[in-house]
Amino acid sequence: MPVPVATKIGFHGGKHPKRRLALWAVSFAVFCALIWSVAAAHDLPLTLVMRQHHEPFSYTGIHGQPVGLLVDLWRLWAERTGRSVRFVLAEGNDLENWILDGRADVWTGILPPGTHPKLLFSEPLMMLFRPPMVGTPEGALGIRAVVRSDRTQLLAEINRGFQALTLQDRQGMLIRWWPQEGWVHLPRARVATAAMLAGAFLLLWTVGTFLFYRFMLKAKARELLAALAELRLKSNALQSEIADRHQVEKDKERLIQELREALENVRKLRGLLPICAYCKKIRDDQGYWNQLESYISQHAEVTFTHSVCPECAKKIYAELKAFKDVEQQKKKAASG
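Not measured: the values here are computed from a predicted model.

Caption draft 1: Representation of the packing of helix α3 (residues 69-81) against helix α6 (residues 167-177). For the pair α3 and α6, interaxial distance at closest approach is 10 Å and the crossing angle is 155 degrees. Here α3 is positioned roughly antiparallel relative to α6, judged by the angle of their axes. Where α3 crosses over α6, the handedness of that crossing is right-handed. On the side of α3, the interface is formed by Leu69, Asp72, Leu73, Leu76 and Arg80, while α6 contributes Asp169, Met173, Leu174, Arg176 and Trp177.

Given below as structure tokens:
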């Protein structure tokens, strides 16, 4: 007699209840292990490697910590996704090896579009269009994330996290680290106004500085000219005083010379002079008799002018009168 189906099921279920309970326990344990492994993997920080000495994108700050635009960008990504990150700075030619050998999870930097057989590139997180600081023959580069080719889920997680960033987030990042017009989307009218104001300020500062220094130089020039005029007056007075002193010295020398000559003449005329008692001639050292006038003229700076004293004039005039009287008498006697 055939057994009903319900009876078969009930029979087999009632026959091995422990085996079914063990199967459910193992399944639950495996499920919990998977959940725990996923959660643990999600809690582990992502290791990001980036290029060092790459200002303003990634470099070592004054406190020895990685800083830059890329660091702030990934910190914002970690804040939005709830995933912790760890930064490592390395040389530019070794960044790819960090990903391939598993030392880092993500390689991030300024990378051109392209493909690699062992790597996966994310979509551009930011686009940069400012040569010559960052540029390619196409004129554009993007901030990208690179993972190993077997980390497709991580790449999808990275893309989802950066898609959550708003335009204001990106603009604020660029304004802080690299304030270029093309990146922050400033209105051209505002940029032109700022440029005009900056140019006007620079012009006013230049003109003001020029006028200030010109005024200062004029004042200094006036002071220097006044000082030079005063020095010129003092120099002229000093030269005049020097000329007067030279003239005084010359006069002194001339006077001294005259006094010396007079002293020599006095010395020459000093002593006893042999003079004739009758004709008044003077005998010199050679024994010659010289007229008084001649001798004195030779031995002293004296020039004689002849005249007649009153006493001699009376005597001479009396003799002349007597002589005239005698001549007249002779003439009368001769005529009579």
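Caption draft 2: Structural context of the packing of aromatic side chains. Scanning the model with the defined rule gives 4 aromatic pairs in all. Summarising the aromatic geometry, the rings of tryptophan 74 and phenylalanine 162 are spaced 4.9 Å apart at their centres and angled 85 degrees between planes, so their arrangement reads as edge-to-face. Taken together, the residues span a long stretch of sequence, with tryptophan 74 in helix α3 and phenylalanine 162 in helix α5 (residues 152-163) at a distance of 88 residues. Of the two residues, tryptophan 74 and phenylalanine 162, neither departs from the other in class, the shared state being buried. For the pair phenylalanine 212 and tyrosine 213, a centre-to-centre distance of 5.4 Å together with 75 degrees between the ring planes defines the contact as edge-to-face. The exposure class of phenylalanine 212 is partly exposed, given its relative accessible area of 46%.

Caption draft 3: Geometry of the side chain of aspartate 105. As for its position among the elements, aspartate 105 is in the loop between α4 (95-100) and β5 (106-111). Since its relative accessible area comes to 18%, aspartate 105 is described here as buried. A polar contact is formed between the side chain of aspartate 105 and the side chain of arginine 151, at a distance of 3.5 Å. Setting aside residues up to four positions removed in sequence, aspartate 105 forms contacts with Pro45, Leu46, Thr47, Ile99, Val146, Val147, Arg151 and Leu154.

Caption draft 4: Main features of the pairing of strand β1 (residues 46-51). For β1, a buried count of 5 out of 6 residues is recorded, marking the element as mostly surrounded by other parts of the structure. Note: β1 against strand β4 (residues 85-90), 6 bridges, orientation parallel. Bridged to threonine 47 within β4 is arginine 86. Relative to β5, β1 is paired through 2 bridges, and the arrangement is parallel. Bridge pairing links valine 49 to tryptophan 107 in β5.

Caption draft 5: Molecular detail of the pattern of salt bridges. Tallying each qualifying case throughout the model produces 9 salt bridges. The residue aspartate 169 makes a salt bridge to arginine 80 at a minimum N-O spacing of 3.0 Å. One end of the pair, aspartate 169, is in helix α6; the other, arginine 80, is in helix α3, and 89 residues separate them in sequence. One salt bridge in this structure joins arginine 83 and glutamate 157, with 2.9 Å as the shortest N-O distance. In this pair, arginine 83 is assigned in the loop between α3 and β4 and glutamate 157 in helix α5, connecting sequence segments 74 residues apart. Across the pair, exposure class does not vary: arginine 83 and glutamate 157 are buried alike. One salt-bridge network, in which partners are shared between bridges, spans Asp94, Asp101 and Arg103.

So, how was this worked out
- Residues numbered from 1 in each chain as written.
- Predicted model: local features only at pLDDT ≥ 70, side-chain atom pairs only at ≥ 80, totals over all residues.
- Heavy atoms only, no water.
- Axes fitted to C-alpha atoms, helices over the stretch in contact; angles between N-to-C directions.
- Helix = DSSP H or I, 4+ residues; strand = E, 2+ residues; numbered from the N terminus.
- Parallel < 35°, antiparallel > 145°, perpendicular 65-115°, else oblique.
- Left-handed = near helix turned anticlockwise from the far one by under 90°.
- Contact = heavy atoms within 4.5 Å.
- Phe/Tyr/Trp six-rings, centres within 6.5 Å; stacked < 30°, edge-to-face > 60°.
- Buried < 20%, exposed > 50% of the residue type's maximum accessible area, 1.4 Å probe, protein only.
- Polar contact = N/O pair within 3.5 Å; in protein donor to acceptor, adjacent residues only side chain to side chain.
- Pairing = 2+ DSSP bridges.
- Salt bridge = Lys/Arg side-chain N within 4 Å of Asp/Glu carboxyl O.

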